[in-house]
Amino acid sequence: MMTSYEDEPMETSPRELTQNPLRKIWMPYKNGLPEKHIAQRKVCMTNCPTLIVMVGLPARGKTYISKKLTRYLNWIGVPTKEFNVGQYRRECVKIYKNFEFFRPDNEEGLKIRRQCALTALNDVREYLGVEGGQVAVFDATNTTRDRRHTIMKFAEQNDYKVFFVESVCEDPNVIAENIVQVKLGSPDYIDCSTEEAIEDFMKRIKCYENSYQPLNEVLDRALSYIKIMDVGQRYMVNRVQDHIQSRIVYYLMNIHITPRSIYLCRHGESDLNIKGRIGGDSGLSTRGKEFAQCLGSFIQEQNIKDLKVWTSQMKRTIQTAESLSVPYEQWKALNEIDAGVCEEMMYEEIQDHYPLEFALRDQDKYRYRYPKGESYEDLVQRLEPVIMELERQENVLVICHQAVMRCLLAYFLDKSADELPYLKCPLHTVLKLTPVAYGCKVESIFLNVEAVNTHRDRPENVNISRLAEEALLTVPAHQ
Amino acid sequence: MSLKHTELTQNPLQKIWVPWMSSKLNRRRGSSVPQFTNSPTMIVMVGLPARGKTYISKKLTRYLNWIGVPTKVFNVGQYRRDAVRTYKNFEFFRPDNEEAMKIRRACALSALKDVGTYFMLEHGQVAVFDATNTTRERREVILSYAKDNGYKVKWFSYSRHTVVFFIESICDDPEIIAENIKQVKLSSPDYTDCDKEEAVADFLKRIECYKVTYVPLDDDKDSHLSYIKIFNVGSRYLVNRVQDHIQSRIVYYLMNIHVTPRTIYLCRHGESELNLLGRIGGDSGLSRNGSKFAAALGRYIKSQNIPDLKVWTSHMKRTIQTAEALGVPYEQWKALNEIDAGVCEELTYEEIQANYPEEFALRDQDKYRYRYPKGESYEDLVQRLEPVIMELERQENVLVTCHQAVMRCLLAYFLDKSAEELPYLKCPLHTVLKLTPVAYGCKVESVFLNVEAVNTHRGRPAGDEPMCSLVSPYRHTRAKPMASPTPTRAPRLQDLGVTSLSLQVLQCPERSGQSIPQSFEINASFQQ
């Protein structure tokens, strides 16, 4: 029997849609105002915040993982914050004497440490509640079942999902390197010699060893966790509950700590650059070609082992790579931001034809989406696989574009969405990034070939009612 | 300083820039994402019978082919069925059956040889060796084979060793095993003439034969190997020594799939204003009939009574308007946006023919790889949709309201369609495709919601065989099967579990100058 659907009267007429002028997102509206609407997709967000709980002896990379994971989650748009209990302890106990503070029979010490953990958990509650955070990383040893139980009860009371990240490592070389990299520089050891510090820290680790109860396959089979063994040689993953945990696991399984360098640069100066036009797919100018040659020499001099070279699929980056005389790979994901209807325009022309768009862009450059184009926010999502592969790789040179390079740089240097679109990435300048301690060292190398400036700062007046001159105040010079 | 010659030319089909002079520098031609491996990979399944090895093999192969990694399954059981025409009973698998052991070993070696051929001569990238491989001895044989066979490839004069990755499935839950036997063993060629109880009893004895000699991967003795152990259908995983990009992707995929029964609904937005005008792309709203469809979709969905249904749309007005009519929360994915037709956006096919005749011809030559000027190709679309597929695998009941090209890509993933077929899959307006995983494949039901719409399907140009891509003959781009190649000697259609009627509907190639699509009430599962 055929059933017809078109004759039934509509119960409620569907809501009208309006397109948000900044982000170009269609949303329902009523009485001229946008309705409360499920946010457009960034990451599959659950309504439950997630509490990530680090587990492991000292010097097992917990803080390294906490910070790196926090940086990654924030970059992909998941508000995340780490809570390092050691920091709370340092604020509470102003001066660190020695390892005796951590002795399991030091009642005074135990009381203070427990208090610090509880204070940190309170702050977690603030962050995940009032402050709108989505993920909190609880960075402490959490080596006893008892302590973990306390945390789980806390999570249960507040309706948080819990995911444990345990780092297990018995390789003395790794531990020693860890201590050298991050412990010697700790506020705890400011006035100590290297030997004193190491000795004290080893005794500190010993204090935890006796009471350490690692996550157990059988006893903890109901918990969600990843156990990282020997710096990533092996992983045990149990009961991944949702999308964000799945992403976290994937990320943790791709990062490594092998020393390496990442080189970021833009294509050489292009013909459109010279004319002050954005986007397009033009070739290199004479100076751009010269830069490509210099880049080739620079790379040779650096003597980089097994360097991988990546470009976008736009002519100017490929031309640049061709001069290096090494194999390279093209990624469409590295293409410059799509400026939609503004492609190949000068800023003056954009002001002329689309003054409203121009103003909106200055108001919120990160979220602003060009009509029929992209936003920085879109760029970040498109670049996520590039970042993931960069994490897997070792020495890489990425030849890309201004907006793209800003996004990548923001990931490595932990820049916020507000700072990202204004990061300085001038032409003919290579940024050499080397991971060190908990962050990234940056060296900027200008290859001494002149080029136009393509950086436009945020003007003072971002009002849609502003005059053309006010809008164009910060446009860099061009032909 | 003399400037090196950096002249580039843009390949007209894919719009990829390549150097004028033939250059080996740019290894990866065509496609949006570099391929990160030159070594072929052999995936070796490990586990007792009825632990889901073949299920995983086929699903993984389908996924890898879809994302552009040529992959093929080698099921040793199939080789055995061809060697030993009639299966008597479990006694064949007794560990003391010397005659049978000889045959089984020969089958494994034959399959390994075919793996070699696949890598060397058929441009294969990944081979999935689907067998129990439950003894250390058998796994040693495979490892030596992989090590000793460095293949020399025609265009490059370097030999590549084969990388091995083990996937072990461990399960001791009797309910899961029983369900497994019911779903895929009872219908096996081995048991065509048996009644259910006989088959189950025999199969359980078969499992016992293997248990005696089963040595699982050992975390200490095998710590130098690369593997993933899957416990109890995914509640726990042990991952050891992931070596490269492809293994990392495989692990991520395996950790996201599940076997919980669920249904995926695919449909397009309701008919749009631009659809009515015969124009492609754009961001128009629904036509009158489109709105009618949206309302009908709402009623259909309600009647299906789907628990916890997630609804996804693109960022384009027409899919969102369609979802709005459902009266349930929905999520917008930019990745679900229709293919970007670049300079051809909002043109009619006649206008494209008039203004860009070469482009139009190129598109018909290789619709999968063809990239619109300043736009995208189907190949680009697949890369963009990969996170959507990954999340679909994680989810349970989902309705995806999207667009023609997008829906074709998603459908090709679920129904294991090749790159050649994908751009011509029929995804008419106002028709919901209901996909239900069953056995090793996917059941499809097509439900036309009986609201008129224009036909937007443009078939292959009459009489032409799609030409080979004009792209350079680099190994990666030449043969991109994009669908699991026919497993050795096993008929593919049965495995897919596609109902014959919907198969007809989806595969019938159309002539240009097509008629309004037939309404598919016969297939409609909706009953009032």
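Above this text sits the structure in question.
Described below are features of the structure shown in this document. Predicted model only: the values in this text are computed from it and were never measured.

1. As for the overall build of chain A
1) Next: From N to C terminus, chain A includes 15 helices and 15 strands.
2) Next: Seen along its three principal axes, the alpha-carbon backbone of chain A occupies a region of about 75 × 75 × 50 Å.
3) Next: Here chain A holds 479 residues, and the buried ones make up 57% of them.
4) Next: In chain A, the share of contacts with a sequence separation of at least 24, taken over all contacts with a separation of at least 6, comes to 69%.
5) Next: Looking at chain A as shown, the accessible area adds up to about 21,400 Å², and 50% of this sits on carbon and sulfur atoms.

2. Topic: the pattern of salt bridges
1) Next: The final tally for this structure, using the stated rule, is 51 salt bridges over all chains.
2) Next: Linking B:R136 and B:D222 is a salt bridge whose minimum nitrogen-to-oxygen distance equals 2.7 Å. Of this pair, B:R136 sits in helix α4 (residues 136-148) while B:D222 sits in the loop between α6 (196-211) and β9 (227-231), and the two are 86 residues apart along the sequence.
3) Next: The residue B:R369 makes a salt bridge to B:E420 at a minimum N-O spacing of 4.0 Å. Highlighted residues: B:R369 in the loop between α12 (357-365) and α13 (378-394) and B:E420 in the loop between α14 (404-415) and β15 (431-438), separated in sequence by 51 residues.
4) Next: By sharing partners, the salt bridges in this structure join A:R89, A:R90, A:D188 and A:R204 into a single network.

3. Side note on the environment of B:N275
1) Next: On the secondary structure map, B:N275 appears in helix α8 (residues 273-276).
2) Next: B:N275 sits 157 residues away from B:V432 along the chain, and the two C-alpha atoms are 18 Å apart.

4. Comments concerning the packing of aromatic side chains
All names here are of chain A.
1) Next: Counting across every chain of the model gives 29 aromatic pairs over all chains.
2) Next: Between Y263 and F298, the aromatic rings sit 6.3 Å apart at their centres with planes inclined by 75°, giving edge-to-face as the arrangement. Of the two residues, Y263 sits in strand β10 (residues 262-266) while F298 sits in helix α9 (residues 286-302), which places them 35 residues apart along the sequence.
3) Next: Take Y263: its relative accessible area is 2%, and that puts it in the buried class.

5. Here we look at unusual backbone geometry
Residues and elements named next belong to chain A.
1) Next: Located in the positive-phi region is D159, a residue other than glycine, with phi close to 65°.
2) Next: Tracing the backbone through its elements, the reader meets D159 in the loop between α4 (145-158) and β7 (161-168).
3) Next: Overall, the relative accessible area of 53% leaves D159 in the exposed class.
4) Next: Look at N448: it is not a glycine, yet its phi comes out positive at around 60°.
5) Next: Tracing the sequence through the fold places N448 in the loop between β15 (439-446) and α15 (468-472).
6) Next: You can call N448 exposed: its relative accessible area is 64%.

Definitions and cut-offs
- Residues numbered from 1 in each chain as written.
- Chains lettered and ligands numbered in written order.
- Predicted model: local features only at pLDDT ≥ 70, side-chain atom pairs only at ≥ 80, totals over all residues.
- Heavy atoms only, no water.
- Helix = DSSP H or I, 4+ residues; strand = E, 2+ residues; numbered from the N terminus.
- Buried < 20%, exposed > 50% of the residue type's maximum accessible area, 1.4 Å probe, protein only.
- Contact = heavy atoms within 4.5 Å.
- Areas by Shrake-Rupley, 256 points an atom, 1.4 Å probe, with all protein chains shown as cover.
- Salt bridge = Lys/Arg side-chain N within 4 Å of Asp/Glu carboxyl O.
- Phe/Tyr/Trp six-rings, centres within 6.5 Å; stacked < 30°, edge-to-face > 60°.

In short, the description is geometric, and any link to function would need to be established separately.
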